[in-house]
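Chain residues, written in single-letter form:
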Amino acid sequence: MKLQDAIFNWLQISLVAEARPQDGAARETMEFFETILREDHALSRFLYVCDESVCTVEYSQDGQDKLLRYDRELAEQLLTDINSNPKYNE
């Protein structure tokens, strides 16, 4: 999996896990992507911050600090999809 794809997937599921703390599957999936980021891409640090329109992911790889920015609406799409499906909101 490419680094940018892994980071985006981690961001999306992290937003779900934060919004739905009772969702064990979301937490497990977030941990899965964290493992990919650490083991496959050698990231030593990664975190995100969202403002009104953008989610910024800061990360360290090989001693270099980097960042990626994603449209917030796009980053929150998975959460929106889950929340709009009654099957996941019982």
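The structure reproduced in this document is the subject of the present report. All values reported here derive from a predicted model rather than from experimental measurement.

## Description of the nonpolar core
Soluble globular proteins tend to bury their nonpolar side chains together.
And step 1. The biggest cluster of nonpolar side chains holds 26 residues, and the ones touching the most others in it are Ile 7, Trp 10, Leu 11, Leu 37, Val 57 and Tyr 59.
And step 2. For this core, the elements supplying multiple residues, two or more each, are helix H1 (3-19), helix H2 (24-40), strand E1 (43-50), strand E2 (54-61), strand E3 (64-71) and helix H4 (77-83).
And step 3. If one sorts the elements of this core by residue count, H1 sits on top with ten residues.
And step 4. Contacts of Trp 10, omitting those with residues within four sequence positions, involve Met 30, Phe 33, Glu 34, Leu 37, Phe 46, Leu 47, Tyr 48 and Val 57.

## A few points about H1
And step 1. Over its 17 residues, H1 extends 24 Å from the first C-alpha to the last, a length consistent with the 24 Å expected when each residue adds 1.5 Å.
And step 2. Within H1, twelve of the 17 residues are buried, leaving the element largely enclosed by the surrounding structure.
And step 3. Within H1, burial applies to Leu 3, Ala 6, Ile 7, Phe 8, Trp 10, Leu 11, Gln 12, Ile 13, Ser 14, Leu 15, Val 16 and Ala 17.

## Some remarks on the pairing of E2
And step 1. Burial of E2 is extensive: six of the eight residues sit out of reach of the surface.
And step 2. Across seven bridges, E1 lies against E2 in antiparallel orientation. Residue pairing for E2: Leu 47 is matched across the bridge by Glu 58.
And step 3. Taking the residues that link successive antiparallel strands as the turn, the E1-E2 hairpin has three residues.

## Some words on the sheet that holds E3
And step 1. The strand order E1-E2-E3 describes an open sheet built from three strands, whose pairing is antiparallel. Edge positions in the open sheet fall to E1 and E3, since each of these has one partner strand only. When strand polarity is set aside, the average angle formed by the axes of neighbouring strands in this sheet is 15 degrees.
And step 2. The strands that H1 touches are E1, E2 and E3; relative to E1, the one it contacts most, it runs at about 55 degrees.

## A word on the state of the cysteines
And step 1. Evaluation of the coordinates by the stated rule reveals one disulfide.
And step 2. With its sulfur 2.2 Å from that of its partner, Cys 50 forms a disulfide with Cys 55. Because the torsion about its S-S bond is 105 degrees, the bridge between Cys 50 and Cys 55 counts as right-handed.
And step 3. For Cys 50, a relative accessible area of 23% puts it in the partly exposed group.

Parameters at a glance
- Sequence order as written defines residue numbering, which begins from 1 separately in each chain.
- Since the coordinates come from a predicted model, pLDDT governs what is reported: local features require at least 70, and pairs of side-chain atoms require 80 or more to be given and counted, while whole-chain, interface and lining totals use all residues.
- Excluded from the side-chain calculation are hydrogens and water; included are all heavy atoms of the structure.
- We define the nonpolar core as a collection of buried residues of types Ala, Val, Leu, Ile, Met, Phe, Trp, Tyr and Cys that are connected through side-chain atoms lying within 4.5 Å of one another.
- To sort residues, take the accessible area from a 1.4 Å probe on protein chains only and compare it with the maximum for the residue type: under 20% means buried, over 50% means exposed, and anything in between is partly exposed.
- Helix numbers and strand numbers start at the N terminus; a helix is a DSSP run of H or I with at least 4 residues, a strand a run of E with at least 2.
- Throughout, a contact is declared for two residues whenever any of their heavy atoms are within 4.5 Å.
- What a helix should span is 1.5 Å times the count of its residues minus one.
- Paired strands, as defined in this entry, are two strands with at least two bridges between them according to DSSP.
- Geometry is summarised by axes, namely lines fitted to C-alpha atoms with helices restricted to the contacting stretch, and by angles between N-to-C directions that run from 0 to 180 degrees.
- Throughout, a disulfide means two cysteine sulfur atoms within 2.5 Å of one another.

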